[in-house]
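Take a look at the letters that make up each chain.
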Amino acid sequence: MWIQPEEVLLAGALWVSERANPFFILQRRRGHGRGGGLSGLLVGTLDVVLDSSARVAPYRILLQTADSQIYWNIACGESTGLGVLGLISRLFKSVKSPQLCLAGSSRKEITEHWDWLETNLLQTISIFDSDEDVTTFVKGKISGIIAEENRLKQGEEQEEDSGKFREAELKMRRLFGMPEEEKLVNYYSCSYWKGRVPRQGWLYLSVNHLCFYSFLLGKEVTLVVQWTEVTQLEKNSTLVFPESVRVSTRHTEHFFSMFLNINDTFKLMEQLANIAMRQLLDNEAFAADRSLPKPCKTLKNVSALKRDFDARAKNERYRLMFRLTQDERLDGHTDCTLWTPFAKMHVVGQLFISNNYICFNSREEDLCQLIIPLREVSIVEKADSSSVLPCPVSISTKNKMNFLFANLKDRDFLVQRISDFLQRTPDSLWGDTNPLSLIGHSASSSASSPTGSDAVNKRRHYHHGLPTASQGLLQLYHRNAPEDLGLKAMKEKMKEEAWNIHFSEFGRGVCMYRTSRTRELVLNGIPENLRGELWLLFSGAQNEMATHPGYYGDLVEQAMGLCSLATEEIERDLHRSMPEHRAFQNETGIAALRRVLTAYAHRNPGIGYCQAMNIVTSVLLLYCPEEEAFWLLVALCERMLPDYYNTRVVGALVDQGVFEELTRAFLPQLYEHMQELGVISTISLSWFLTLFLSVMPFDSAVLLVDCFFYEGIKVIFQVALSVLHDNMDALLSCNDEGEAMTILGRYLDNVVNKQTASAPVPHLHALLTSGDDPPPEIDIFDLIKSSYERFGTLRSDVIEQMRFKQRLKVIQSLEDTAKRSVVRAMMTESAFSIEELEELYCLFKSKHMTSCYWGSSSSAAERHDPSLPYLEQYRIDPVQFAQLFAALAPWVCGSHTPTLSSRLFRLLDQNQDGLVNFKEFIMGLSGMYHGDMTEKLKLLYKLHLPPALCPEEAESALEATHFFTEDGPRESSFLSDLDILGQQEVTSGEAGKEADGDGEEKKEEKVKDYRYYLRMWAKEKEPKTETIKDLPRMNQEQFIDLCKTLYNMFSEEPLEQQLYHSIATVASLLLRIGEVGKKFNNGGKRMEDGAAQAPPPDPQRGEGLSEAESGEAQMCQALADAQLEPAPPQTSDEETKDDTSVSSYSMVSSGSLQCEDITDDTVLIGGGEQRRGSVLDVDWSITFEQVLASLLTEPPLVDYFEKKIDIQGKMAACKAQRGVERQASSASDNELAQHSI
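If you're wondering where the values come from, they're calculated on a predicted model, not measured in any experiment.

Enquirer: Would you mind showing me how to read the overall build of the chain here?
Expert: Tallying secondary structure elements over the chain gives 54 helices and 26 strands in all. Sorting the 1237 residues of the chain into buried and exposed places 50% on the buried side. A fraction of 71% describes how many contacts in the chain between residues 6 or more apart in sequence connect residues 24 or more apart. Put simply, the chain shows about 59,000 Å² of open surface, and 52% of that area lies on carbon and sulfur atoms.

Put into structure tokens, the structure is as follows:
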């Protein structure tokens, strides 16, 4: 195709001229087409390394004027790129020589372009006198052709820039065998260090995998790593690996370097690894993956997924900065200045606009921060511009606060965006009432009702009959107390006054200016009367509560009376929550705590309830009404302490790892000693989970909670480091963990708050550990101050980065723990070794995760539940089970394998939920590999009986005919009732008579006798060991199916003919045994003697039979010799109604009938068409003992079932399957390239 004219450095380098005229040269790239050799190999390597996603076109046409060395590139074929020459020209700009050419990837295409040039341009440009005129004319002509093509293909050309990315995506799928569901996010040129040799190639980052491909001098490197297998991801710089990214898995490390922008690449890797860790934690990440935009619209070689991930990262930073809810989406941000009336100056910073908020953050840290909810905005207007105040915008709120922003680059667009968001903002339910006046009161009694009684019912906070706490529990107990006029009370009043002055100067409520002065007041302690209000404000919980009026009340009503594991745990811990505080020594406090915890468990079943939540919630209830305490708990569990309170306390473990890393950085000497004692992991969990509330006196710990709601988790880390620092000398002299724990415990017990106005709350732990000579008291304010002085350099963004690093370690460690627990549990129930069980677990988990990535018949939420026991966390559906069965099962049955797999799945799926867990999977596999002959035959026998048989397989033709032709009720003859055949049939009448003979008195006795039920219950609880006598009898149709399965199993065995002969002998014997048993069970009832004789086989055909066909004939002849009953002659319609021949199966109709014909038979009902062959005998049946005894008479069968099979080879083949596919794909690409040459 034609391209915009571009300069080319050298006309002859790596190119061979094939055609030429005075103005144009057609060239072919060396190594392409005829010949090749070393030059072709070298050029191909350079093309892959320097421009992998778009290979250099193999043909081009150059324009060259007669007296000039200047060349121009004027056209190209299907795929072009910068290529080798373009990169070289960039490297050697100082010696660049302008050229122009046309390039193509197709010989036909380039020839068409050459012919067009000779026909339409050659004669015209030959009359030009100036070389410059020739070049200008050709360039103009080519540009005109391109413009015309663009005009005709305008719709397709809009996405022309994305062509390179789409080509890279297709190449990724081709090279690594990825399905279309795998979404490529971005790709980068880099070097992969394999040993000490860097391999230059391309790194492909998809949603679920990290892939690398390189082709250098005939050597190919292919790497695929699942993000869920990554244990460590870090960016480092060493002498060996300069500025590289290290990707670690459980078994190996990979180093990548020489990125164009390593920071951008590493950030994307972090995001993708984070998503993978979330997938291991819960199922919401799979839903998030499904919600990613489809990779169909790309722009400038950047995929929609990459832009989406960038937007996600910005949203996350925005929400963390301003403590906003998870559904908030950043629309944009711009530089501006904010007029601060308290400082009488303009503060430089950034303005952020999202769907519900306008936020400002100063460039200088802690200088000024502002959050304006759109629900509070009343007026947005453009103010008059001036040289001092250019492009200002004024925003007014409903509580009469005005904010002036200036130096806005695109003021009109900004105002329009804010107006658009305001129009979509629902009317505030608070009306013109100041939201702060409603804190601690019911909104239904304070707000006006614009929509009548329905709105009131929707907005009420509590059920009318519920005894709720409408204010903090401390206020209830201080209400009737005499006023304290002591020194501590005066200090408390002075604090309140300082905050009131701050409110008058900086504003009050959610729109308050947050400055360094605000932090100072918080560090000095929040007054008790303002604590609930300011906790709600600083945590962001006030915004969530304001936008969800009545939500808590609805939750309380919905959760009333519900019983679950969470509610049981809550009831157990209610009276352990601050029992020393009088607020929780009566039913009022206990009931409030119960409602809040139960409501949250109902809101978030994924967390439900975790120990330590009761302690934190108790403190919240002391200072806040119930609803505010609930929303503070939401902010705490879901935003400020993420994943702290889930079933595996992952968040606390992550922060424990962060704390260890911080200790190593700030206190290296102590860290080494503490690691030897193993103390850090012990102490930090209780410190972080309860925010020191469980290890420090209440009046002191609550001040840390003040700082936490304002500063976040960094203040907890600072105080923890300060505690270790203060006890460093004592800890270094410790010899064991217990001694270190005692030192830290006594230190924390004596951290006091000397400014508290209320009576001190006794600390139970302090009373028990004080000893005769307690250590000196430590003032909590001094501890907080020293923590800021020593460790105040900690930054929240650094902590988040450390959290990511530790999250990989923690979650992978939990996965390893789960694997070890599963393997230990299965060691006693299967004969597989530890190594085999671990390998099988990895394959099982990998199959589960792969189906979660790329879709399945069941949702990820159904198959992965981290809250379940380890053995049941990963479950697979029939599709996944069939894939593993085909890869790992020792019984290879050809085309019959899927049927056998589905039957085994139904047999293992004991709860019939359509899913099989790892334990069930191993039990089935262990029976096939390590069972003795009896166990293997028992499993095979069960696979041909219900519940392994599905209803379609279990319903025989005879039963179907009876179902459709008989009006009167008959005893069901479905295969699911086979277990009641035999002796139960004989004794059923007698049992009925005995039941009739028993009087009503005996029945009443049984009902009244509780000991009868106890015995029955004990009998049910006893483990039932199944014996071979417990197996139900097998009817004739099931036996035929079993014979087919055995035939398919033997088809690929070395001793195939001997096995065929043995199974034919056994089948004939068992058929005769069944005939004899039928006569015995029928009590000598005479049977029709018409036998279906099979005609002798054609001798001519017999001569040409192969060994396999001969084996088939032997088995079929044996079945024919069983003398199945023939179909009676056709009689009248009335007689046909009861005739069993209408729905008979065909076993053998002639000697030449192949066994495959059996599988092709179908049940024809009501069609008047009979099936071929003989009628199945419904009275015929055999037992498992008879099958086992018959098989034991044939040594080849005994040897086959007693043969030991090694699963290692199967597992290795299963692991290598994806690699083989990728290699085959890569090899096919190379073959195509060679053929094209």
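Enquirer: Explain the pairing of strand β4 (residues 59–63) here, please?
Expert: For a regular strand, side chains alternate in direction, first toward one face of the sheet and then toward the other. By the criterion of burial, β4 is predominantly enclosed, with five of the five residues buried. The alternating pattern of β4 places Tyr59, Ile61 and Leu63 and Arg60 and Leu62 on opposite faces, both of which are buried. Here five bridges tie strand β3 (residues 24–29) to β4, and the two strands are oriented antiparallel to one another. When the bridges of β4 are listed, Phe24 appears paired with Leu63.

Enquirer: Sorry if this is basic, but what is going on with helix α15 (residues 487–506) here?
Expert: In an α-helix, one turn spans 3.6 residues, which is why side chains three or four residues apart end up on the same side. Taking 1.5 Å of rise per residue, 20 residues should cover 28 Å, and α15 covers 28 Å from first to last C-alpha, within 8% of that figure. On its buried side, α15 packs onto α16 (516–523), α17 (528–539) and α32 (780–791). A positive backbone phi angle near 95° is found at Gly507, which sits one or two residues after α15.

Enquirer: Explanation requested: the environment of Leu530 in the structure shown.
Expert: Residue placement: Leu530 occurs in helix α17. Between the C-alpha atoms of Leu530 and Cys624, which are 94 residues apart in sequence, the distance is 9.7 Å. For Leu530, the residues in contact, after removing those within four places along its chain, are Trp499, Phe503 and Arg508.

Enquirer: Honestly, unusual backbone geometry in this entry has me stumped. Any pointers?
Expert: With glycine set apart, most residues show a phi of negative sign, and most peptide bonds adopt trans. The omega torsion across Pro946 and Pro947 is 5°, close enough to zero to call that bond cis. Tracing the backbone shows Pro947 in the loop between α40 (933–942) and α41 (951–954). At Lys400, a position not held by glycine, the phi torsion is positive, near 70°. Although it is not a glycine, Phe692 sits at a positive phi angle of roughly 70°. Mapped onto the fold, Phe692 is located in the loop between α26 (680–689) and α27 (698–711).

Enquirer: Help me understand the environment of Gln1186 in this model?
Expert: With respect to the helices and strands, Gln1186 occurs in helix α52 (residues 1184–1191). Separated by 112 residues in sequence, Gln1186 and Gly1074 have C-alpha atoms that sit 9.3 Å apart. Excluding residues within four positions of it along the chain, Gln1186 makes contact with Leu1070 and Ile1073.

Enquirer: Explain the packing of aromatic side chains here, please?
Expert: Pairs of aromatic rings are described using the distance from one ring centre to the other and the angle between the two planes. Within the structure shown, the criterion is met by 44 aromatic pairs. Geometrically, the ring pair formed by Phe360 and Phe405 is tilted, given 6.2 Å between the ring centres and 55° between the ring planes. Of this pair, Phe360 sits in strand β16 (residues 357–362) while Phe405 sits in strand β20 (residues 402–406), placing them 45 residues apart in sequence. Phe405 shares its class with Phe360; the two are buried.

Analysis parameters
Residues numbered from 1 in each chain as written. Predicted model: local features only at pLDDT ≥ 70, side-chain atom pairs only at ≥ 80, totals over all residues. Heavy atoms only, no water. Helix = DSSP H or I, 4+ residues; strand = E, 2+ residues; numbered from the N terminus. Buried < 20%, exposed > 50% of the residue type's maximum accessible area, 1.4 Å probe, protein only. Contact = heavy atoms within 4.5 Å. Areas by Shrake-Rupley, 256 points an atom, 1.4 Å probe, with all protein chains shown as cover. Pairing = 2+ DSSP bridges. Expected span 1.5 Å × (residues − 1). Phe/Tyr/Trp six-rings, centres within 6.5 Å; stacked < 30°, edge-to-face > 60°.

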